[in-house]
Amino acid sequence: MNITLFDTIFYLLAFLTLGSAAIMVFSKNVIYSAVGLLFTFFGVAGIYVLLAADFVAVVQVLVYVGGILILLLFGVMLSNKITNIEITTETLHFLPASLVVIGIFVVLYRVFITTDWNPVGSYNFDPTTHEIGTLLMTDYLIPFEIASILLLGALIGAAYIARKD
Amino acid sequence: MALSDIIRDNINSLNYFLPELLLTGLVLLMIIADLLLKKERSPWMSIIALIGSGVVLFAIINQYELGSRSIFNNMLAVDEFSIFFKLLFLATTILVIFLSIASVELSGRSVGEYFTLLMILTLGLFLMASATHMITIFIAIELVSIISFALVTYLKTRRRSSEAGLKYAIYGAFSSGLMLYGISILYGLTGTLNIYEIGEVLAGRDTNSLALLISVLLIMAGFGYKIASVPFHFWSPDVYEGAPTPITAFLSIGPKAAGFAVIIRFFNVALSNYDGVAEQWLALSNINWPQIIAVIAAATMTLGNLVAIAQDNVKRLLAYSSIAHAGYALLGVVVLSSQGVYATLFYLVVYYFMNLGAFFVVIIFQDIIGSEKIDDFKGLASRAPIPAIAMGVFLFSLTGLPPTAGFIGKFYLFAALIKAGPEFYWLAIVGLLNSVVALYYYARILKAMFFDKISEGVSPEPLKISPYYVTLLAVLGIPTILVGLYWAPLANLASHSVHFLPTF
Amino acid sequence: MIPASYYLYLSAILFVLGIIGVLVRRNLILILISIELMLNAVNLTFVTFSNYWGVYDGQVFVLFIMVAASAQVGVGLALVKTIFKKKAIVDVDKFNLLGQ
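Residues numbered from 1 in each chain as written. Chains lettered and ligands numbered in written order. Predicted model: local features only at pLDDT ≥ 70, side-chain atom pairs only at ≥ 80, totals over all residues.

(A) Looking closely at the overall build of chain A. Secondary structure assignment for chain A yields six helices and zero strands. Tracing chain A from N to C terminus, the helices and strands come up as α-α-α-α-α-α. Counting the 165 residues in chain A, one finds 35% classified as buried. Long-range contacts, defined here as pairs at least 24 residues apart, represent 52% of the contacts in chain A between residues at least 6 apart. (Helix = DSSP H or I, 4+ residues; strand = E, 2+ residues; numbered from the N terminus. Buried ≥ 20, exposed ≤ 12 C-beta atoms within 10 Å, placed from the backbone. Contact = placed C-beta atoms within 7 Å.)

See the structure below:
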């Protein structure tokens, strides 16, 4: 099996994603976890590019890194400052949890290995923005509109909960 | 399909989407009205919500004349089944608005956001009942979940309320993560997200049954969270206890019934040979999902009933009892016959009256005596006879004793189960044993109210119950008895509503 | 060429790491972060299958998941904030007022 540049990039990105995800889950420091999540998001965005999903990759960086991660970091900082106590991060119930989790993984592994998946097919890296945009305005018009109501509701709810009164 | 056809279908669908459009308009109107009315704590928001609900009610009834159709390029279905659920949800919302007006917990707070969020939640439930595409199902479930998080936390100055909201949010996000993974595996197996097409692909091809099983189990995590079935019930007692009581009453009916709508539609359309005509149909050969749901149903009712015995808080007791009732209602889903679906629909309506009623009595007592503990309910029958008698009716009905509506509901469920053959006899036995257990803990509340002496230090003078409360109790209590004696109209409605679109 | 299953293994590992995080970590914000990790694993599966089947539905679904995730995080953090205002606790095991 000869390893092409494409394969190398895949393995590098997979390593980056998994390594930083592991740091995120197992680190004792919340800030390290948040930074780990940052690199996981970037790694996954890179893999989207390999899968020819350019629009999703860009949105991943914009929404997850630029929005959700920043929000979570605010949460970390805010909670630290308000409470002024050390955030508890000791890991509990490790053994039962890991047994459950290993079980889930083995089953998922079986699922993916016994199913006959072909190699991922299309590697024509055409821009996908046009197709996705068309789908959102035609086939997926109604979920798109529901999503806007979802955001409106979340906005009202979050503003009410966080507001002083 | 050509692009212009898709766009034309979207435009033509608007006519079938009128109730939801009106509801959206109502929400926007309420946001503006809230801004204008902010200064005075007026009852206007609830009045607007009630009038709006009335208009939406007419639009829904009007849908019966339009006939069944798949709309917005097979994203949603308008059929008798979804109309039935929309009526149930709207009835829940209207009653919860009345409960909220009376609620002492909510008085003195700005209720603008409260009623607005309640109407958005109703819209989410409507969409859950008619969704026929995994994306619509997902986004409707998320809409319902996220708005519920906010409503549970509405009494944010009370620690219990915000704690409940947080638990709800964490469990909700976790279970929707599991559900999404299941959906993604199903997408990988079939290459489509539309449940009709999933059904066609799975029926026409031999798929890996292990992968299908895992995917169904994971998807059931998300649906099970909505109906609070084992093992995704953990949130429900805490949330029911911590949330404002009208919201608790809402959550115990609305999202639960919507979860049943999604389960019935998804499993029967995607994973069985349902064709909309046959009385009895079969699950796909390579996945025995009725058996999975049967096990979940047995576990759900057993756990709900056994844990309910140990509760001292009436709200928590009703929470566990409503877990158990989700288990009973699942009995109608496992048999894959129109009789089973019919029994589930009938039971959900009956459950609406008796469960809302029981919660309403708790609201009344909580407002007056300021407690939800069984011990503090002692001797209430002599101090407040009308709510106590009403509570007796609701609890008899929840147990399933004749001549109440609960008896008829349970009877239909067990009849459908027995008729399905010896395969599910064990489940019927489990269900019957559970009803006996349930009798024990419901009787505890009744014993405290009717037979125990008033605790020392509590004045025995009669409590004042406002006529408003008595009227609402009558609205819930009379049907609970009446349906137990004369159930033909409701049975007709339910039997007309068992049909959902088998294909697009 | 990388087969589809490699991407799926990657997503399965990410998903399992996310579940570990939810089950094992006791810090609220870390639980939220772990749930985001699970959702990323889901997104990766969807994009893989979208490519595998040569249709864009999967990618559209990913966009909707992102919308829902951001709404969830927004409301979740608002909830965290109200709890912080009242009591300086971040450990989920200490949320035990209910049920007593």
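Let's pick the thread back up.
(B) Local environment of the overall build of chain B. Tallying secondary structure elements over chain B gives 20 helices and two strands in all. The C-alpha atoms of chain B give a radius of gyration of 22 Å, which matches the 23 Å a tight globule of 504 residues would have. Over its C-alpha atoms, taken along the principal directions, chain B stretches across nearly 75 × 60 × 40 Å. Taking all contacts inside chain B whose residues are at least 6 apart in sequence as the whole, residues at least 24 apart take part in 79%. (Rg over C-alpha atoms; globule rule 2.2 N^0.38 Å.)

(C) Quick peek at the interface of chain C and chain A. Contact residues are listed per partner, giving 62 residues for chain C and 74 residues for chain A. For the side of chain C that touches chain A, the secondary-structure elements that each account for two or more residues are α1 (4–24), α2 (28–53) and α3 (57–86) of chain C. By residue number, the principal contributor to the side of chain C that touches chain A is α3(C), which donates 21 residues. Among the residues making up the side of chain C that touches chain A, the classes are represented as 44 nonpolar, 13 polar and five charged. (Nonpolar A, V, L, I, M, F, W, Y, C, P; charged D, E, K, R; others polar.)

(D) Seen up close, the packing of α1(C) against α2(C). Residues and elements named next belong to chain C. The interhelical angle for the contact between α1 and α2, taken along N-to-C directions, is 165 degrees, at an axis separation of 8 Å. By the angle between their axes, α1 is roughly antiparallel relative to α2. Classified by chirality, the crossing of α2 by α1 is left-handed. Of the residues in α2, those touching α1 at A4, Y7, L8, L10, S11, L14, F15, L17, G18, I19, G21 and V22 are L30, I31, S34, I35, L37, M38, N40, A41, L44, T45, T48 and Y52. Tallied by class, residues from the contact of α1 with α2 come to 17 nonpolar, seven polar and no charged. (Axes fitted to C-alpha atoms, helices over the stretch in contact; angles between N-to-C directions. Parallel < 35°, antiparallel > 145°, perpendicular 65-115°, else oblique. Left-handed = near helix turned anticlockwise from the far one by under 90°.)

(E) Examining the nonpolar core more closely. In terms of nonpolar packing, the biggest core is built from 292 residues, with A:L150, B:M128, B:F360 and C:F64 touching the most fellow members. A per-element tally of this core places helix α14 (residues 338–369) of chain B first, with 22 residues. (Core = buried A, V, L, I, M, F, W, Y, C linked by C-beta atoms within 7 Å.)

(F) Layout of the interface of chain C and chain B. Listed per partner, the contact involves 30 residues of chain C and 33 residues of chain B. Of all the elements in the fold, those that place two or more residues in the side of chain C that touches chain B are α1, α2 and α3 of chain C. Per element, the largest residue contribution to the side of chain C that touches chain B is 14 residues, and it comes from α3(C). Broken down by class, the residue content of the side of chain C that touches chain B amounts to 22 nonpolar, six polar and two charged.

(G) Region of the structure containing the environment of B:V350. By the secondary structure assignment, B:V350 is in helix α14. For B:V350, the contacting residues outside a window of four places in its chain are B:A405, B:G406, B:G409 and B:V483.

(H) Here's a closer look at helix α7 (residues 159–190) of chain B. Spanning 32 residues, α7(B) covers 46 Å between terminal C-alpha atoms, matching the ideal 46 Å at 1.5 Å per step. Counting buried positions along α7(B) yields 30 of 32 residues, so the element is predominantly enclosed. (Expected span 1.5 Å × (residues − 1).)

(I) Examining the domain arrangement of chain B more closely. All names here are of chain B. With domains assigned, chain B is organised as domain 1 (1–270) and domain 2 (288–504). A C-alpha centroid distance of 23 Å is found between domain 1 and domain 2. Counting from both sides, the interface comprises 42 residues of domain 1 and, opposite them, 44 residues of domain 2. Top element by residues in the side of domain 1 that touches domain 2 is helix α11 (residues 245–270). It accounts for 13 residues. Of the residues that constitute the side of domain 1 that touches domain 2, the class distribution is 25 nonpolar, twelve polar and five charged. (Domains from an automatic or database assignment.)

(J) Looking closely at the environment of C:L39. Residue and element names in this part refer to chain C. Assignment of secondary structure puts L39 in helix α2. Owing to 27 C-beta atoms within 10 Å, L39 belongs among the buried residues under this scheme. Along the backbone, L39 and S11 are 28 residues apart, and their C-alpha atoms lie at a distance of 9.9 Å.

(K) Here's a closer look at the packing of helix α13 (residues 314–334) of chain B against α14(B). Residue and element names in this part refer to chain B. For the pair α13 and α14, the least separation of the axes is 9 Å and the interaxial angle reads 170 degrees. Compared by their axis directions, α13 and α14 come out roughly antiparallel. Residues V314, K315, L318, S322, H325, Y328, A329, G332 and V333 of α13 touch α14, and the partners they reach there are G340, V341, A343, T344, Y347, L348, Y351, N355, A358, F359 and V362. When grouped by side-chain class, the residues that make up the contact of α13 with α14 number 13 nonpolar, six polar and one charged.

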